[in-house]
Each structure stands twice: as structure tokens, then as C-alpha cells.
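The lines below spell out each chain.
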Amino acid sequence: GQQLNQSPQSMFIQEGEDVSMNCTSSSIFNTWLWYKQDPGEGPVLLIALYKAGELTSNGRLTAQFGITRKDSFLNISASIPSDVGIYFCAGQGAQKLVFGQGTRLTINP
Amino acid sequence: GAGVSQSPRYKVAKRGQDVALRCDPISGHVSLFWYQQALGQGPEFLTYFQNEAQLDKSGLPSDRFFAERPEGSVSTLKIQRTQQEDSAVYLCASRMGTGASPLHFGNGTRLTVT
């Protein structure tokens, strides 16, 4: 099935470092979303972006909806241990979400 | 309830058995989605309901997969004659309206076919 191209696939960083990940698509989406998934749980919504060019923050998280509507990035500043997990981007057309393959974030204390 | 509830959390089936996975969406949520998540991958769309109407089933991988939501609340995903490639986490999600409101996911059912 269709998936978005998300990179990097994995990141190993030190606590306190900033993190950046991005997502690209060959298709245009009306909405971009970023989710975090912890082991054994479902994805939890972090940030939703509804307008091309929009830059939105949620605490230490910042995400942008690309102007072409085909890409998005997520930044996490000053990472902490609870940021560990898998981050997914998702694009939404009319109803359903299309997900990226995920970025696995590991933090060394 | 407070969130989307799925049962069972874990299901082991022998190849060829039929399974039924249940989803209780957040009360009042109109839209309900089923996704399949293989190990190490992102969730992939299976099917979508608006109330009791199944509006999109384009992601169901074969005619062995069937979903229903007869009263517009609880939904069941049924897999007949399970195969090993059906092993995955099956996620249910719901949202209040259509379109812009956020999608809330359950914790999934992990299906293992032996």
C-alpha cells in the first residue's frame, strides 16, 4: 500500500540534543500529522497541521507543513528520556491517513 | 469510555482458523477506521466506516477480511482462514466527525498466526 517516505529510519542521540525528522510524498495532502507510538500501544497524536506553510509548536515539538503540501518535518528540542519511541508522519487526503515507515528514536543518557 | 478499546489484546490462531477482533470506539464518534501494522512498519489502511456505512474498504488485502459496524458504534474485523502473513497488529481508530477532527487510536490487537 501507499506509504510516505520518512527519514531517518532510526536515530541514536544523547539526552539534551535536538532531533529533526522529515517526511515526503509524491501526493498532495490536505493535512499532515505527527504521531508517537510506544511499545504495545497505539499511535498518539502530537501535532496536526492543516495549512500549507503552517508552522506549529507543542511544547518542545515544532512541525511544519511544506508549502508544496508534499512534505513535513518535525523537530524536537532538548530531548529527554521519555522522548524515546517511534515517530510516524501521516498525510490525510479526504478521510484516511497514509503513514510513513517511522523514525525510531533512541536516547543515550 | 475514555478511549478506543480493542479486544482481545493478543490472539494466537492456528493457520486456517477464523478470528474476530473487536473495537469499541469513543462514544459518539462517527468515523471508525481499521489499520494493519506489520512489525517495524507504519500502519496501513484497511477500511473506513461512517456510522454504520462502510464507505471505503479498498485496503482489505483479500476477501478473507471482512469488517462490520451494524449499529454505528462497535465494530468487528473478521479474518477467515487465517494465514501466516496475516500476523500483525490490528489498530482501530475513531474520530468525532469527518475530515479535520483528530483520529484517536486504540492499543491494537496483536494477531499471531502459527
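This report concerns the structure included in the present document.

## A short note on the layout of surface pockets
There is about 660 Å³ of room inside the largest pocket. A:Q37, A:I86, B:L39, B:G40 and B:R110 are the residues nearest the centre of the largest pocket, which is lined by 33 residues in total. Residue assignment for the lining of the largest pocket shows that the elements contributing at least two residues are β9 (85-92) and β11 (103-108) of chain A together with β9 (88-95) and β11 (109-113) of chain B. Residue composition of the lining of the largest pocket, grouped by class: 12 nonpolar, 16 polar and five charged.

## A short note on the sheet that holds strand β1 (residues 5-7) of chain B
Residue and element names in this part refer to chain B. Judged by pairing direction, the sheet is antiparallel, and its four strands sit side by side in the order β1-β3-β8-β7 without closing on themselves. Of all the strands in the sheet, the pair left with one neighbour each is β1 and β7 (65-68). Between one strand and the next, the sheet's axes are offset by a mean angle of 15 degrees, whatever the strand orientation. The pairing of strand β3 (residues 19-24) with strand β8 (residues 75-79) spans five bridges and is classified as antiparallel. Within β8, the position partnered with A20 by the bridge is K78.

## With respect to the sheet that holds strand β8 (residues 71-76) of chain A
Residue and element names in this part refer to chain A. Judged by pairing direction, the sheet is antiparallel, and its five strands sit side by side in the order β1-β3-β8-β7-β6 without closing on themselves. Either end of the sheet is taken by a strand with one partner, and the two such strands are β1 (5-7) and β6 (55-58). Along the sheet, successive strands turn relative to each other by an average axial angle of 15 degrees, direction set aside. Relative to β8, strand β3 (residues 19-24) runs antiparallel, the two sharing six bridges. Following the sheet pairing, T24 is matched in β8 by D71.

Parameters and conventions
Residues numbered from 1 in each chain as written. Chains lettered and ligands numbered in written order. Predicted model: local features only at pLDDT ≥ 70, side-chain atom pairs only at ≥ 80, totals over all residues. Heavy atoms only, no water. 1 Å grid on protein atoms, 1.4 Å probe; cavity = no way out; pocket = protein on both sides within 12 Å on 5 of 7 lines; lining within 4 Å. Points joined across faces, edges and corners; volume = space filled by probe spheres on them. Helix = DSSP H or I, 4+ residues; strand = E, 2+ residues; numbered from the N terminus. Nonpolar A, V, L, I, M, F, W, Y, C, P; charged D, E, K, R; others polar. Pairing = 2+ DSSP bridges. Axes fitted to C-alpha atoms, helices over the stretch in contact; angles between N-to-C directions.

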